Amino acid sequence: NLAKKNLTIGILAFEPKHLIKANWQPIIEHVNQYLTHVSLQVEPYYYDELYSAVARREVDFVLTNSAYYIELAHSQGLSSPLASLITSYKNTPLRGFGGVIFTQAERTNIQGLSDLKGKRIATPKLGSVGGYMMQAYEMLQAGVELDSYKVIETGLPHEKTVWAVLQGEAEAGFVRTGVLESMLERGLIQADAIRIINQQELTDFPLALSTRLYPEWPLAAMAHVNTAHAGQVVGVFLTLDHNTSILREANVYGFSVPADYEPIRELMRTLKAKPYNIEAAITWRDIWRTHREESILAMTAILVILALSLLLVAYTRRLSKTLEQLKDNEEDLRISAVAFDTLEAIFITDLNERIIRVNNAFKQLTGYDDKEVLGQTPRILSSGMHDADFYRQIWREIKTFGGWTGELWNKRKSGERFPVQQAITAVKDVRGQTTHYLSTFSDITVRKLSEEQIHQLAFYDPLTGLANRRLLEDHIVQAFSSSARNKSYCALLFIDLDHFKHLNDTMGHKQGDELLKVVAQRLKESVRDGDTVARQGGDEFIILLEDLGEFKHDAAISAQTISEKILTAISQPYLLTDTQYILTASIGINLFIDHHETVEELMKRSDLAMYQAKAEGRDAIRFFDPSMQEAAARRSEIEADLRQAIELEQFELYYQPKVNRDGSLNGYEALLRWHHPVKGMIPPLEFIPVAEETGLIVPIGQWVFMQACHTIKQWQQDSSKQQLILAINISARQFRQKSFVAEFIKGYMEFGFPAHLLELELTESLLMDDVSATVGKMKELNQAGFLFALDDFGTGFSSLSYLKNLPLNCLKIDQSFVHDMLEDPEDAAIVETIITLAKTLKLKVIAEGVETQEQAIALRELGCDLMQGYYFGKPAPLPLA
Ligand SMILES: Nc1nc2c(ncn2[C@@H]2O[C@@H]3COP(=O)(O)O[C@H]4[C@@H](O)[C@H](n5cnc6c(=O)[nH]c(N)nc65)O[C@@H]4COP(=O)(O)O[C@H]3[C@H]2O)c(=O)[nH]1
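Residues numbered from 1 in each chain as written. Predicted model: local features only at pLDDT ≥ 70, side-chain atom pairs only at ≥ 80, totals over all residues. Heavy atoms only, no water.

As recorded in an unreviewed UniProt entry, the protein goes by EAL domain-containing protein and comes from Thiopseudomonas acetoxidans.

So, about the overall build of the protein. Of the regular secondary structure elements, the protein holds 32 helices and 35 strands. Sorting the 881 residues of the protein into buried and exposed places 49% on the buried side. Only carbon and sulfur atoms are counted for the fraction: they give 52% of the accessible area of the protein, which is about 43,300 Å². (Helix = DSSP H or I, 4+ residues; strand = E, 2+ residues; numbered from the N terminus. Buried < 20%, exposed > 50% of the residue type's maximum accessible area, 1.4 Å probe, protein only. Areas by Shrake-Rupley, 256 points an atom, 1.4 Å probe, with all protein chains shown as cover.)

Take the pairing of strand 22 (residues 540-545) next. For strand 22, a buried count of 6 out of 6 residues is recorded, marking the element as mostly surrounded by other parts of the structure. Of the two faces of strand 22, the one holding Glu540, Ile542 and Leu544 and the one holding Phe541, Ile543 and Leu545 are both buried throughout. As paired strands, strand 20 (residues 490-497) and strand 22 are joined by 6 bridges and run antiparallel to one another. Within strand 22, the residue paired with leucine 493 across the bridge is isoleucine 543. Alignment of strand 21 (residues 532-537) against strand 22, held across 5 bridges, turns out to be antiparallel. Counted as the bridge partner of arginine 535 is phenylalanine 541 from strand 22. Here strand 21 hands over to strand 22 after 2 residues, with glycine 538 in that stretch at a positive phi of 55°. (Pairing = 2+ DSSP bridges.)

On to the pattern of salt bridges. Scanning all chains against the criterion turns up 41 salt bridges. Note that arginine 186 and glutamate 159 form a salt bridge whose closest N and O atoms lie 2.5 Å from each other. Note that arginine 186 is positioned in the loop between helix 6 (179-185) and strand 11 (194-197) and glutamate 159 in helix 5 (residues 159-166), a separation of 27 residues in sequence. Owing to a relative accessible area of 23%, glutamate 159 belongs among the partly exposed residues under this scheme. Of the charged contacts, one joins glutamate 353 and arginine 379 as a salt bridge, the two residues approaching to 3.8 Å between their closest N and O atoms. Here the residue glutamate 353 occupies a position in the loop between strand 15 (345-349) and strand 16 (355-358), and arginine 379 occupies one in the loop between helix 14 (370-373) and helix 15 (388-401), the gap between them amounting to 26 residues. Relative accessible area serves as the criterion here: at 22%, glutamate 353 is assigned to the partly exposed category. Here the salt bridges do not stand alone but share partners, grouping Lys658, Glu669, Glu759, Glu761, Lys812 and Glu848 into one network. (Salt bridge = Lys/Arg side-chain N within 4 Å of Asp/Glu carboxyl O.)

As a matter of local geometry, the ligand sits amid 21 residues, with Gln656, Arg673, Gln815, Glu851 and Tyr870 nearest to it. The side chain of glutamate 669 places a nitrogen or oxygen atom 3.1 Å from an oxygen atom of the ligand. Between the ligand and asparagine 729, the relevant distance is 2.9 Å, taken from an oxygen atom to a side-chain nitrogen or oxygen of the residue. Protein contact buries 84% of the 790 Å² of open area that the ligand shows by itself. (Near = heavy atom within 4 Å. Polar contact = N/O pair within 3.5 Å; in protein donor to acceptor, adjacent residues only side chain to side chain.)

On to the layout of surface pockets, then. The space that makes up the second largest pocket amounts to roughly 1,600 Å³. Lining the second largest pocket are 43 residues, with Tyr34, Thr239, Asn468, Arg469 and Arg470 positioned closest to its centre. Broken down by secondary-structure element, the contributors of at least two residues to the lining of the second largest pocket are helix 7 (227-238), strand 14 (252-256), helix 16 (445-459), helix 17 (469-486), strand 21 and helix 21 (599-615). The greatest single-element share of the lining of the second largest pocket, amounting to 7 residues, is contributed by helix 7. Residues that form the lining of the second largest pocket fall into these classes: 16 nonpolar, 18 polar and 9 charged. Both domains that furnish three or more residues to the lining of the second largest pocket are identified here as domain 1 (5-92 + 216-261) and domain 4 (460-637). (1 Å grid on protein atoms, 1.4 Å probe; cavity = no way out; pocket = protein on both sides within 12 Å on 5 of 7 lines; lining within 4 Å. Points joined across faces, edges and corners; volume = space filled by probe spheres on them. Nonpolar A, V, L, I, M, F, W, Y, C, P; charged D, E, K, R; others polar. Domains from an automatic or database assignment.)

The next point concerns the pairing of strand 33 (residues 810-813). The side-chain alternation of strand 33 yields two buried faces, one formed by Cys810 and Lys812 and the other by Leu811 and Ile813. With 3 bridges joining them, strand 32 (residues 787-793) and strand 33 adopt parallel strand pairing. Note on strand 33: the bridge partner recorded for alanine 789 is cysteine 810.

Our focus in this paragraph is the confidence of the model for the protein. For residues with low pLDDT, the predicted coordinates do not support detailed interpretation. On average, residues of the protein score 87 in pLDDT, and 91% of them are at 70 or above. Our summary of model confidence lists the complex with pTM equal to 0.43 and ipTM equal to 0.95. (pLDDT = per-residue confidence, 0-100.)

A separate point is the packing of helix 26 (residues 740-749) against helix 28 (residues 771-783). The N-to-C vectors of helix 26 and helix 28 enclose an angle of 20°; their axes lie 10 Å apart at closest approach. The angle between helix 26 and helix 28 places the two elements in the roughly parallel class. Every pair of crossing elements has a handedness; the one defined by helix 26 and helix 28 is right-handed. When helix 26 is examined against helix 28, the residues Phe740, Val741, Phe744 and Ile745 are found in contact with a partner set consisting of Lys777, Glu780 and Leu781. For the contact of helix 26 with helix 28, a count of residues per class yields 5 nonpolar, no polar and 2 charged. (Axes fitted to C-alpha atoms, helices over the stretch in contact; angles between N-to-C directions. Parallel < 35°, antiparallel > 145°, perpendicular 65-115°, else oblique. Left-handed = near helix turned anticlockwise from the far one by under 90°. Contact = heavy atoms within 4.5 Å.)

A few words on helix 26. Every buried residue of helix 26 is accounted for by Phe740, Val741, Phe744, Gly747 and Tyr748. The buried residues of helix 26 occupy an angular sector of 135° when the element is viewed end-on, so they sit on one face. In this structure, helix 26 carries Ala742, Lys746 and Met749 as exposed residues pointing more than 90 degrees from its buried face. Here the buried face of helix 26 lies against helix 24 (697-716), helix 25 (732-736), strand 31 (758-763) and helix 28. (Arc of directions from axis to C-beta.)

As a further point, take the sheet that holds strand 20. As summarised here, the arrangement of the 5 strands in space is 21-22-20-25-26, forming an open sheet in which the pairing is mixed. Single-partner strands in this sheet number two, and they are strand 21 and strand 26 (621-623). Each strand axis lies, on average, 20° off the axis of its neighbour in the sheet, ignoring direction. The sheet contact formed by strand 20 and strand 25 (residues 585-592) spans 8 bridges and is antiparallel. What sits directly across from leucine 497, in strand 25, is alanine 585. The sheet strands contacting helix 20 (residues 552-571) are strand 20, strand 22, strand 25 and strand 26, and the helix crosses strand 25 at an angle near 160°.

Listed below in structure tokens is the structure:
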């Protein structure tokens, strides 16, 4: 383990340094736990100190307010912002901040921004973004010029400004958002003493605000910092979990990918704030505004001066003054020419949107020369990636606010599209009439790329390109919701390579990394596109499988099958630089649906299952839930065997008699039997659910139906059996088949016996499943003459209201009530109630599971129409029935 590189984050101290240090130290220590190659320390600096620290390269990262960042970046060369701070107010994330303009509540003469003209306004510091610049810019946008009010600097902290206003030293004040709320909370001021001017109503911003919102502090790196180190640091900052108490106590919510700092730049340019205090004095916009009149004036002055110099010596003094003006103007022109040739592309259009001038940067960036663009409209740059609405919105903003800035895609002459940060400004004459439009843009391809790289760093494992733990956790949280919505199981698989550490040590870490990459690739190929494959570090991988269906056993079997596929994939030989390696893995599985567990619990359980697999000899799959484990094993066996059972004629129908009150035979219920060649007779309760879950019940049910039809057909040949009714069980999955009714009727037509001889037993739960579709199908079949019995009645929740509307012939009392009816008065009462209910609904009623004569007598006395049970006959093959 190489020594870690010590790197320092310089943080701007806007309050005493020890307070800043106390706030950030725990966060940095927390961050350090996740850094493998770097160790961070934090150092607070007051404004000027930070400037010198950056200049002397004493710091490696800078976290400061956006305006100071722009100033430092301009003069000292910092990186682009790598991440933006998200502060926290009462646990609400604040991604931006803004300025507040306020006055004493009682000053009724100050209502809007224009009322501030001629007033004294207190501010903490002219260089403060939130305490001066934002408000001054907002006022400027609203037509209140900088020199139309008097500014009084109170010094930092911002609270001083609030006192100045409350004590009447100034009529209004500027502070950054949050200051008033903090003073209110500490009881320093009264809410009704203050009124906010130009209040903005942003629903998700909980603080008083008078300006638009600007992005929070950027984190940037110094040019000398190694990019891999910067990447690791930023990766950890971006993935901080806002739930940790350390962050909460520091009122930090976390960090986001860098916000757009262009609006701050724009504001600083307009206010001619440092570093734009030099260039801003001669911005192209300024020159353009004044240029024409002054140039004409200057030229006229030259002529006048020349004429006068020849003719009128007496005018020498005036002449020299005019010459001075001329010099100034020449200077302006020279500077404007330089400004026009910045690195930013510039073009100017007339009111008809025809391009009348472009600069060199424009030509370089777009590939067009003057001839090709002059006279064209800016549509020549259109990339085709934005719709008409997008451009309409831009023009609406320009018309309303005099300008627009934002990101869009342009197209070069070569056809290549590129992203730009663009600003369009309406140029107005002295009367306020728009005369031209000036547009500047710069190519932001590199910035976009670095944003993508940062995203990659934040959410993906750098070695394998798989999702990292953070992205996986996000996906799990989403899976909680989608599984609840779709009622579909998900599974979390923990995969650990067996003895990898030993292999890694013997083969060398570089080879080990190569091996992990191949494993990652094989894992991805073993699952569906929508599933998440993540690397949690070392040789541990985690896979999130989604959409495994609504049945837990089904899901368990799918998870088992996929895990087997993964084990096979991993066990294929690895050929690395001529050496062949063999690997195995252990997999732990935990199934989940909905939000019953937390992400942590879920991870822990899958992890435990994985350890179980390791403990049991490795190269194995284990479920967290042992019953799942057993079920999965048995079910996959049964499933495999079931697939062949029909073909191999292993099924047989048994028939159990149903008798009338007088003891005469009414008919039979057909019950399926499976004679497994090895395991012997497998009871239906064991294989029918598997057949349901795998869908095999559909062909099996079809087979039962055909057998039953054959039997009835045979009975038709024998006059003593012509009236016998045969009941078959229909499973939910079978009945839910879209084509069930059509196929059933079609199959029946081949036999042509009276339809009422075939009775269909449906369970209560089947009815509840999708009531309207079920009722529709029952009615269709009933119209064709088939009868229905409701099986297991009393165990479900049938509501009387719809029982009445079903085309039912018979209610079948569940055998659990019959079994205990003689001993348990409650069961007896239920049996009696069901019989009464059936009579009321004019339905027949049959008791199943009748085992004794006493039961039969009691049931008969209660008025039961039909009975079935071992007392009358066990299910048996037909010849014996
Ligand atoms: N203890 C006791 N049990 C008695 C008595 N009389 C009958 N039984 C048993 O009770 C079950 C009655 O069938 P079920 O409620 O429809 O319950 C059936 C039914 O839901 C399902 N099943 C059987 N055959 C088929 C089939 O062909 N298709 C479908 N979908 N399900 C079937 O499997 C379940 C179990 O079938 P079996 O094991 O044959 O069990 C049968 C039967 O053997 C008795 O006096 N005492």
